[in-house]
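# Observations on the model geometry
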Amino acid sequence: MKQPNAALSRFGTTIFTTMSALALECGAVNLGQGFPDEDGPLEIRRAAAEAVLAGPNQYPPMRGIEELRQAVAAHDRRFHGLEVDWRSEVMVTSGATEALACCFFGLLEPGDEVVLIEPLYDSYLPIVERAGAVARRVRLQPPGWELPKDALAAAFSAKTKLLVVNSPLNPVGKVFGRDELAFLGELLEAHDAYAVCDEVYEHLTFDGRRHIPLITLPGMRERCLRVGSAGKTFSMTGWKVGWVVAAPSLIDAAARAHQFLTFTTPPDLQRAVATALAMDDGYFSGLATAQQGKRDRLAAGLTQAGFRVLETAGTYFLIADFRPLDPDGRFTDDDLAFCRHLTRDVGVAAIPLSAFYGDAPPQGCIRFCFCKQDAVLDEAAVRLQRFFAKPSVSHCTDVIG
Ligand code: PMP
Ligand code: GLN
């Protein structure tokens, strides 16, 4: 039998699917895959329901309905002072995942090089490689996750076409500062390269920090494709409404892929997201404040259980070093095994940090998601504290047998 595509086969099933399935099987509190356990604002859901009933429910325009493209432009002006022509510089996609794929397929030629920053979101590498490009990975180091400037400079070459920048960064919650972005901008200009800026967590920044889109820095307007998603900002990850904002020639390139990947995104959800993006500033700041409280709640619970919790400045996630809880070194080289152990034996699911690396990942740390109800975070903390205070029988055995 002939084999399916090798570039994709090598990645198997995503860690998010794997850990959510195990959490379900074991009745574990799922702090793995990043999704809130409460739906977003009722008014947005009502807008979607009304749009479904009122119709039309036929193909909307390929680049998105006018109201949503206008709303994205107005949002970017309001929050980032970015002037965007909604007709030529905005394209709606089926989630940020599709937006990213459109950027990669629309811009890359086989043999082009793409600079990726590790830890990285799991969809980048498979799609970059499937597009025939060569990934040049540069690694941030804990606990500060500062930009390794020399390694970055060395990763760029005449063949570099793209840099991917995810800020705020999943899974570690780093929010890139202006100086770091300026440094990246200099590299882009020096090598005549573009940046795909994955900014899906733009409204999830904490402790007074603000997200700065790379596209707003001098010289970056023509080089950046800014990717957003309604899933994170409105706590409805299942909706899969995303967008790209970029100069017309870059949007044209991404649209050439989009028209053959999904062509459009459900019009009712687009209309609801247009309403959502126009909500007042209080909604957006309230979202960040609420998530910051959850971050602190989970961090305190994990610390009490014995984890060493790293600082996180944004996103839904925090990283915890589990080595203090593994004095015998049973899981030293296998954070996935530790996550399986937590899920099965403690009843709390998390994601191994190693899943965010191409190869030879660092070990000893796992990612917890905190965008959950307080009672759920507390239950996870209690289970962990109880278990690590006094190891007990397998949780999964309890539930199943
Ligand atoms: N980028 C990052 C960094 C993410 O964490 C996610 C996951 N939600 C996505 C992109 C995908 O977003 P969407 O669900 O809108 O496709
Ligand atoms: N972005 C989510 C996370 O990091 C997962 C999305 C997915 O399951 N593909 O947890």
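Please refer to the structure placed before this passage.
The present account deals with the structure reproduced in this document. Computed from a predicted model, the values in this text were never measured in an experiment.

Definitions and cut-offs
- Residues numbered from 1 in each chain as written.
- Chains lettered and ligands numbered in written order.
- Predicted model: local features only at pLDDT ≥ 70, side-chain atom pairs only at ≥ 80, totals over all residues.
- Heavy atoms only, no water.
- Pairing = 2+ DSSP bridges.
- Helix = DSSP H or I, 4+ residues; strand = E, 2+ residues; numbered from the N terminus.
- Axes fitted to C-alpha atoms, helices over the stretch in contact; angles between N-to-C directions.
- Contact = heavy atoms within 4.5 Å.
- Near = heavy atom within 4 Å.
- Polar contact = N/O pair within 3.5 Å; in protein donor to acceptor, adjacent residues only side chain to side chain.
- Areas by Shrake-Rupley, 256 points an atom, 1.4 Å probe, with all protein chains shown as cover.
- 1 Å grid on protein atoms, 1.4 Å probe; cavity = no way out; pocket = protein on both sides within 12 Å on 5 of 7 lines; lining within 4 Å.
- Sits in = over half its atoms within 2 Å of the grid points.
- Expected span 1.5 Å × (residues − 1).
- Buried < 20%, exposed > 50% of the residue type's maximum accessible area, 1.4 Å probe, protein only.
- Nonpolar A, V, L, I, M, F, W, Y, C, P; charged D, E, K, R; others polar.

### Looking at the sheet that holds strand 4 (residues 134-139)
Read from one edge of the open sheet, seven strands run 2-8-7-6-5-3-4, paired in mixed fashion. Edge positions in the sheet fall to strand 2 (90-93) and strand 4, since each has one partner strand and no second. With strand direction ignored, the average angle separating the axes of adjacent strands in the sheet is 20°. The pairing of strand 6 (residues 194-198) with strand 7 (residues 224-229) spans four bridges and is parallel. Looking at the pairing, Val196 lines up with Leu225 of strand 7. Contacts between helix 11 (residues 248-261) and the sheet are confined to strand 2, strand 6, strand 7 and strand 8 (242-245), with strand 2 contributing the most and set at about 25° to the helix.

### Points about the site of ligand 1
What surrounds ligand 1 is the set Gly95, Ala96, Thr97, Tyr121, Asn166, Asn170, Asp198, Val200, Tyr201, Ser229, Lys232 and Lys240. Between a nitrogen atom of ligand 1 and a side-chain N or O atom of Asp198, the distance comes to 2.6 Å. Measuring from an oxygen atom of ligand 1, one finds a side-chain N or O atom of Lys240 at 2.7 Å. Isolated, ligand 1 exposes 390 Å² of accessible area, and the fraction of that covered by the protein chains is 94%. Taken atom by atom, the bulk of ligand 1 overlaps the largest pocket.

### Some words on helix 13 (residues 281-305)
Relative to the 36 Å expected for 25 residues at 1.5 Å per residue, helix 13 spans 37 Å between its end C-alpha atoms, a close match to the ideal helical length. Of all the residues in helix 13, the buried ones are Tyr283, Phe284, Leu287, Ala288, Gln291, Lys294, Arg295, Leu298, Ala299, Gly301, Leu302 and Ala305. Phi for Gly306, located one or two positions after helix 13, is positive at around 115°.

### Focus on the site of ligand 2
Every residue near ligand 2 is listed here: Phe16, Gln33, Gly34, Tyr121, Asn170, Tyr201, Phe317 and Arg367. Between ligand 2 and Tyr121 there is a distance of 3.4 Å, counted from a nitrogen atom to a side-chain nitrogen or oxygen. Side-chain polar atom of Asn170 to an oxygen atom of ligand 2: 2.9 Å apart, as the coordinates give it. In this structure, ligand 2 is accommodated by the largest pocket. Considered class by class, the residues forming the shell around ligand 2 number four nonpolar, three polar and one charged.

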